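Observations on the model geometry
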Amino acid sequence: MADPMKIRAQMKGDAAEIRVLMSHPMETGQRKDGAGKIIPAHFIQSLIVAVNGKTVVDGQIGTSVSRNPVFGFKVKGAKAGDKVVVSWVDNTGDKRSDETAIS
Amino acid sequence: MKQPIMLSALAALSLATMAPQAAAEEKPAAGKPQMKQMHARPTAKAAVDPTTADFEKFRAVMEDTNPAELFELKGKELWKQKRGPRNASLEQCDLGLGPGVVKGAYVKMPRYFADVDQVMDAERRIVHCMVTLQGFKAEDLAKKPFSSDAGTPDPVSLTTYVAAQSRGMKLAIPQKNAKEREAFQVGREIFNYRAGPYDFSCATCHGEDGKRIRTQVLPNLSTKEGAIATSQGWPGYRLTGGFMHTIQWRMNDCFRQQRFPEPGYVSDTITALLTYMGANASGQVYNGPGIKR
């Protein structure tokens, strides 16, 4: 499994404010290294966020997202104590999943 | 291209020949009368222009979810892991507050360490522990010490972790020991030492209030108010390129921008500069690793 994510999930009014920090090189596959060789594409393709088992975000991520992505979103109807699971899969098949409880 | 000339030797030489002046107020080596005005302390805080204010706003927003936290996590892992030829962890590393005490250590460095009879800054001390406790070679760690597309070197993640453990604490760079005071004075000399093809010193950019170069605010590092801007920002995550950098990197890059020879990684020169700037910032709160444009 790849490097861990940092998830922050807090209740703000009637919605949960979730912020995710992912560790990923997010290479587009179009950059060249010092020697002129193409740096191979390596980026997150799918991002799924589930609250208490229910999918709330099903994202298709691409090369326009920069290194170490930061995503923030609000989830209405969530409450303190709910389990938030964030999972991603990248173009090489590598994946990562982390969870936290809404505070 | 790279010529690691030991600037510390040059600085020591200038210090030896100018010993009486070292005690004087921030006087540059050239001693020109108009230069004195540049380094004078301001009586009122310089007004912040709207562009600078906007950049500060941007930074505050980005600081809220700082990718530096990922490197804190990584550094914490590395600290506890058994690694290196000696297969040992860093949990016995003495950062100045006793073996294994990490909390509050960062804000008290650079400081004198009796076991090496030297003043060391945080990253230098961490590298020292990696060498003595884990058996890594100093030359290997100095080969590619800065973050790049190839990755983030372990000392960088470790320094980020150690720095984060001093979050919310007041900077208190010690100046009790004779070597600590000497490091401050040598640092001040270097800070004001004009050299290179541009005849720049650190003070050329960082010796006046209210200066900005394009998008980059230039804090006056010779003052208490300016010095905290530097201490606060490092280690810092740089959005350009997505790299985690420590102040060792920043010093190296400053020397490059001044077209100086490359300073030695974790060398006496850098420790002296960090002692000078750090002591200037003492008394103010450090809020943990920062974020950069």
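This text follows the structure it describes.
What you see is a predicted model, and the numbers here were worked out from it, not measured in a lab.

**Brief notes about the overall build of chain A**
For chain A, the helix and strand inventory stands at zero helices and seven strands. Helices and strands in chain A line up, N terminus first, as β-β-β-β-β-β-β. Dimensions of chain A, computed from C-alpha atoms along their principal axes, come out at roughly 50 × 20 × 20 Å. Counting across all 103 residues of chain A, residues that qualify as buried make up 25%. Residue pairs at least 24 apart in sequence account for 52% of intrachain contacts in chain A once pairs closer than 6 positions are excluded.

**Regarding the overall build of chain B**
Within chain B, the secondary structure is distributed over 13 helices and nine strands. Put simply, chain B has 293 residues, and 40% of those count as buried. A separation threshold of at least 6 residues defines the contact pool for chain B, and within that pool the share at least 24 residues apart is 72%.

**Brief notes about the packing of helix H9 (residues 178-192) of chain B against helix H13 (residues 268-281) of chain B**
All names here are of chain B. Two elements in contact, H9 and H13, have axes separated by 7 Å at closest approach and are oriented at 95°. The angle between the axes of H9 and H13 places the two elements in the roughly perpendicular class. Residues Glu180, Ala183, Phe184, Val186, Gly187, Arg188, Ile190 and Phe191 of H9 pack against Thr269, Thr271, Ala272, Leu273, Thr275, Tyr276 and Ala279 of H13. Per-class residue counts for the contact of H9 with H13 are nine nonpolar, four polar and two charged.

**Comments concerning the sheet that holds strand E2 (residues 15-21) of chain A**
Within a sheet, each strand pairs with its neighbour through backbone hydrogen bonds, oriented either parallel or antiparallel. All names here are of chain A. Spatially, E1-E2-E5 is the arrangement adopted by the three strands of the open sheet, whose pairing is antiparallel. Because the sheet does not close on itself, it has two edges, and the strands there are strand E1 (6-12) and strand E5 (70-76). In this sheet, adjacent strand axes meet at a mean angle of 15° when their direction is disregarded. Two strands pair when backbone bridges link them, and E1 and E2 are joined in this way by seven bridges, in the antiparallel orientation. By the bridge assignment, Met11 is partnered in E2 with Ala16.

**Concerning the environment of Trp79(B)**
Residues and elements named next belong to chain B. Checked against the element boundaries, Trp79 lands in helix H5 (residues 68-80). As for Trp79 and Gln232, which are separated by 153 residues in sequence, their C-alpha atoms are 23 Å apart. Other than its neighbours up to four places away in sequence, Trp79 contacts Ser89, Leu90, Glu91, Leu158 and Tyr161.

**Focus on helix H11 (residues 224-233) of chain B**
Within the span of H11(B), buried status applies to Gly226(B), Ala227(B), Ile228(B), Thr230(B), Ser231(B) and Gly233(B). Packed against the buried residues of H11(B) are strand E6 (236-238), H13, strand E8 (285-286) and strand E9 (290-292) of chain B.

**Quick look at the interface of chain B and chain A**
Facing the eight residues of chain B at the interface are twelve residues of chain A. Its residues assigned to classes, the side of chain B that touches chain A comprises three nonpolar, two polar and three charged.

**Focus: helix H8 (residues 154-164) of chain B**
Given 3.6 residues per turn, any residue in an α-helix points the same way as the ones three and four places further on. Residue and element names in this part refer to chain B. With eleven of eleven residues buried, H8 lies mostly within the body of the structure. Taken together, the buried positions of H8 are occupied by Asp154, Pro155, Val156, Ser157, Leu158, Thr159, Thr160, Tyr161, Val162, Ala163 and Ala164. Buried-residue contacts for H8 involve H5, helix H6 (122-132), helix H7 (138-143) and strand E7 (243-245).

**Thoughts on the nonpolar core**
By size, the foremost hydrophobic cluster in this structure holds 51 residues, and its most contacted members are Tyr106(B), Ile126(B), Val162(B), Leu273(B), Tyr276(B) and Met277(B). Those elements that place two or more of their residues in this core are strand E2 (118-120), H6, H8, H9, helix H10 (202-206), H11, helix H12 (247-257) and H13 of chain B. Here this core gets eight residues from one element, more than from any other, and that element is H13(B). Non-local contacts of Tyr276(B), meaning those with residues more than four positions away in its chain, are made with Phe184(B), Gly187(B), Arg188(B) and Phe191(B). Ranked by size, the runner-up nonpolar core spans 29 residues in total, among them Phe43(A), Ile102(A), Leu70(B) and Val156(B).

**Some thoughts on the environment of Gly72(A)**
Checked against the element boundaries, Gly72(A) lands in strand E5. Sequence separation of Gly72(A) and Arg19(A) is 53 residues, and the distance between their C-alpha atoms is 4.3 Å. Setting aside anything within four residues of it in sequence, one finds Gly72(A) in contact with Ile18(A), Arg19(A) and Thr65(B).

Each value, and the rule that gives it
- Residues numbered from 1 in each chain as written.
- Chains lettered and ligands numbered in written order.
- Predicted model: local features only at pLDDT ≥ 70, side-chain atom pairs only at ≥ 80, totals over all residues.
- Helix = DSSP H or I, 4+ residues; strand = E, 2+ residues; numbered from the N terminus.
- Buried ≥ 20, exposed ≤ 12 C-beta atoms within 10 Å, placed from the backbone.
- Contact = placed C-beta atoms within 7 Å.
- Axes fitted to C-alpha atoms, helices over the stretch in contact; angles between N-to-C directions.
- Parallel < 35°, antiparallel > 145°, perpendicular 65-115°, else oblique.
- Nonpolar A, V, L, I, M, F, W, Y, C, P; charged D, E, K, R; others polar.
- Pairing = 2+ DSSP bridges.
- Core = buried A, V, L, I, M, F, W, Y, C linked by C-beta atoms within 7 Å.

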